[in-house]
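Examination of the molecular architecture
Residues per chain, in single letters:
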Amino acid sequence: MPRHLSGLLLLLWPLLLLLPPTPAAPGPLARPGLRRLGTRGPGGSPGRRPVSGQPGGARGAGVCRSRPLDLVFIIDSSRSVRPLEFTKVKTFVSQIIDTLDIGAADTRVAVVNYASTVKIEFHLQTHSDKQSLKQAVARITPLSTGTMSGLAIQTAMDEAFTVESGARGPTSNIPKVAIIVTDGRPQDQVNEVAARARASGIELYAVGVDRADMESLKMIASEPLDEHVFYVETYGVIEKLSSRFQETFCALDPCLLGTHQCQHVCVSDGEGKHHCECSQGYSLNADQKTCSAIDKCALNTHGCEHICVNDRTGSYHCECYEGYTLNQDRKTCSAQDQCAFGTHGCQHICVNDRDRSHHCECYEGYTLNADNKTCSVRSECAGGSHGCQHLCVDDGPAAYHCDCFPGYTLNEDRRTCAAIEEARRLVSTEDACGCEATLAFQERVSSYLQRLNAKLDDILGKLQADAYGQIHR
């Protein structure tokens, strides 16, 4: 039932176009014939069909000329498309070519033929006149089984819409348009590849015939869908759609003819009038044509925690003060790990603090200098951690040894001391009597001890006298 209704609407369409448009209170974007065409962004857009009743609504001598396009037809030639039906598709393509101004400086046309495989029949730069184009279309033959629509769109995007194949660059403001014609359901994924094609600046029109899956057509086509998705009951009436594309590609106003001189965006106001607008982040200059970047940082709405930097594109980005890194939100900043980055300047050890700062420390045996970065050798003896019972002697950087007071000798632990008298008791009397050297040593030690005891008695006497004097004062 829906297919019959679609066929009926196609038959009634010419009569519907003759009806006067319904009056409305249009805003600036609802005025009849208003179109936008931007030099910034993905290659511009062919825009909307002119409203019937306005100049340019139908092609006429000297009234409407087609806009320059890079146009690629993607046609399904799987086994479900019978030979006579495939001929109808080629006639449909030729009729659209008839409505276009073909040439190197005007519209360029390429054809991608697909089934289970994909074949580029000819590129955008292959034919520069209408006659040779139509002859090349007439020579196209069907391929095989299968309906690899996604692969066909990907091939068109990667190989047909390239500068090497004849497509014009983004600065040329030449719209890139693809018309895909199919009668089946895609046997591969078309959603993602079609989205990538649209994002790259290709405007996609989807024409479904007979058994074509409407949901797949909607996934392929650009927005608005009611202007980019078409369906016909049979290949026998597909030729009627050529007039729809004729109207779509017809240009009358300066925006579509490319004579507007707007630096960014041209907006058609209808009746041959237009005005210029700027891309986001730019403002229109006094000449009402060129644009200047808005100082986003000066507006103070950037949200940068530390530093806002204006970009040439009219946008901005955030940066951080030295010693900080930009967080994932691209606005706030966190202190860098100075110790990990190696920018701390500490001679020995860098220690991160809780407040995201750092301080320097020194290895054992060293002390931090007044600059709080470099280190000097510490005296182990002065530090009091040496463990020597009597005397600590510094031997150089972080080194020392223990010594004893006179009359004592260093024990095996190299720290504690023992009186020589005790050592003397360890010497056997028999051994001493039998050894002259030992006797001589004993005599020297005994003499030394006597002198030492005498000194100690004198010191003790003085101390006692001083203490007695203190008591009796």
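Residues numbered from 1 in each chain as written. Predicted model: local features only at pLDDT ≥ 70, side-chain atom pairs only at ≥ 80, totals over all residues. Heavy atoms only, no water.

Examining the sheet that holds strand β7 (residues 202-209)
Inclusion rule: Each pair of strands is called paired provided DSSP finds at least two bridges between the two strands. Secondary structure is summarised from DSSP: a helix means a run of H or I of at least four residues, a strand means a run of E of at least two, and numbering begins at the N terminus for each. Interaxial angles span 0 to 180 degrees and are taken between N-to-C directions of axes, which are lines fitted to C-alpha atoms, for helices over the stretch in contact.
Taken together, the six strands give an open sheet; going across it, the order is β5-β4-β3-β6-β7-β8, and neighbouring strands pair in mixed fashion. Whereas interior strands pair on both sides, the edge strands pair on one side only; in this sheet they are β5 (118-122) and β8 (229-232). Each neighbouring strand pair of the sheet contributes to a mean axis angle of 20°, computed without reference to strand direction. Note that strand β6 (residues 176-182) and β7 share seven bridges and pair parallel.

What to know about the packing of helix α4 (residues 149-160) against helix α5 (residues 191-199)
Selection rule: The scheme is simple: roughly parallel for angles under 35 degrees, roughly antiparallel for over 145, roughly perpendicular for 65 to 115, oblique for anything else. Left-handed describes a crossing whose near helix is turned anticlockwise from the far helix through less than a right angle; right-handed describes the clockwise counterpart. In what follows, residue pairs with any heavy atoms lying within 4.5 Å of each other are defined as contacts.
Where α4 meets α5, the axes come as close as 9 Å, and the angle between the chain directions of the two elements is 25°. As summarised for this structure, α4 and α5 are arranged roughly parallel, according to the angle between their axes. Seen from above, α4 lies across α5 with left-handed handedness. Contacts between α4 and α5 involve G150, I153, Q154 and M157 on the former and, on the latter, V193, R196 and A197.

Describing the nonpolar core
Defined as follows: Within this scheme, the nonpolar core is defined by two criteria: the residues are buried Ala, Val, Leu, Ile, Met, Phe, Trp, Tyr or Cys, and they are joined through side-chain atoms within 4.5 Å. Note on exposure labels: buried denotes an accessible area under 20% of the residue type's maximum, exposed denotes more than 50%, and partly exposed covers the range between, all computed with a 1.4 Å probe on protein chains only.
Residues L71, F73, I179, I238, F245 and F249 are the most contacted members of the largest nonpolar core, which totals 33 residues. Mapped onto this core, the elements with two or more residues apiece are β3 (70-76), α2 (83-98), β4 (108-114), α3 (130-138), β6, β7 and β8. It is α2 that provides the largest number of residues to this core, a total of six residues. Judged by nonpolar contacts, the second largest core, of 28 residues, contains A152, A160, I180 and A194.

Some points on the pattern of salt bridges
Note the cut-off: We define a salt bridge as a contact between a side-chain nitrogen of Lys or Arg and a carboxyl oxygen of Asp or Glu at a distance within 4 Å.
Following the criterion strictly, the structure yields nine salt bridges and no others. The residue E85 makes a salt bridge to R82 at a minimum N-O spacing of 3.0 Å. The class for R82 is partly exposed, based on a relative accessible area of 48%. Among the ionic pairs, K218 bridges to E215, the shortest N-O distance being 4.0 Å. Remark: E215 and K218 occur in helix α6 (residues 214-220); sequence separation between them is three residues, near one turn of the helix.

Re the side chain of H386
With respect to the helices, strands and loops of the structure, H386 is situated in the loop between α10 (380-383) and β22 (391-396). By relative accessible area, H386 is classed as buried at 15%. With residues near it in sequence (within four places) discarded, H386 still touches E380, C381, C392, Y400 and R415.

Looking at α5
An α-helix turns once per 3.6 residues; consequently, residues spaced three or four apart project the same way. For clarity, the threshold we go by: The arc in question is formed by the directions pointing from the helix axis toward the C-beta atoms.
Those residues of α5 lying buried are V193, A194 and A197. Down the axis of α5, the smallest arc covering the buried residues is 100°, so these residues share one side. Those residues of α5 that are exposed and angled more than 90 degrees off the buried face are E192 and A199. The elements touched by buried residues of α5 are α4, β7 and α6.

Looking at the environment of D337
For D337, the position within the fold is in the loop between β17 (333-335) and α9 (338-341). Of the residues examined, D337 reaches a relative accessible area of 32% and is grouped as partly exposed. The sequence separation of D337 and D353 amounts to 16 residues, and the corresponding C-alpha distance is 9.8 Å.

What about the packing of aromatic side chains?
To keep it simple, the criterion reads: Here is the rule: rings of Phe, Tyr and Trp (six-membered ring for Trp) pair when centre to centre is within 6.5 Å. Planes less than 30 degrees apart are stacked, more than 60 are edge-to-face, and the remainder are tilted.
Tallied over the full model, the rule gives five aromatic pairs. With a centroid separation of 6.1 Å and an interplanar angle of 65°, the aromatic rings of F92 and F245 are classed as edge-to-face. On the criterion of sequence distance, the pair formed by F92 in helix α2 and F245 in helix α7 (residues 242-248) is long-range, its members being 153 residues apart. The exposure class assigned to F92 is buried, which follows from its relative accessible area of 0%. The class for F245 is buried, based on a relative accessible area of 0%. Residues Y205 and F249 carry aromatic rings whose centres are separated by 6.1 Å and whose planes lie at 90° to one another, so their mutual orientation is edge-to-face. One end of the pair, Y205, is in strand β7; the other, F249, is in the loop between α7 and β9 (250-251), and 44 residues separate them in sequence. By relative accessible area, Y205 is classed as buried at 1%. Accessibility expressed as a relative area gives 1% for F249, which makes it buried. Aromatic rings pair up to connect F92, Y205, F230, F245 and F249 into one cluster.

Everything listed here is a matter of geometry and, on its own, says nothing about what the molecule does.
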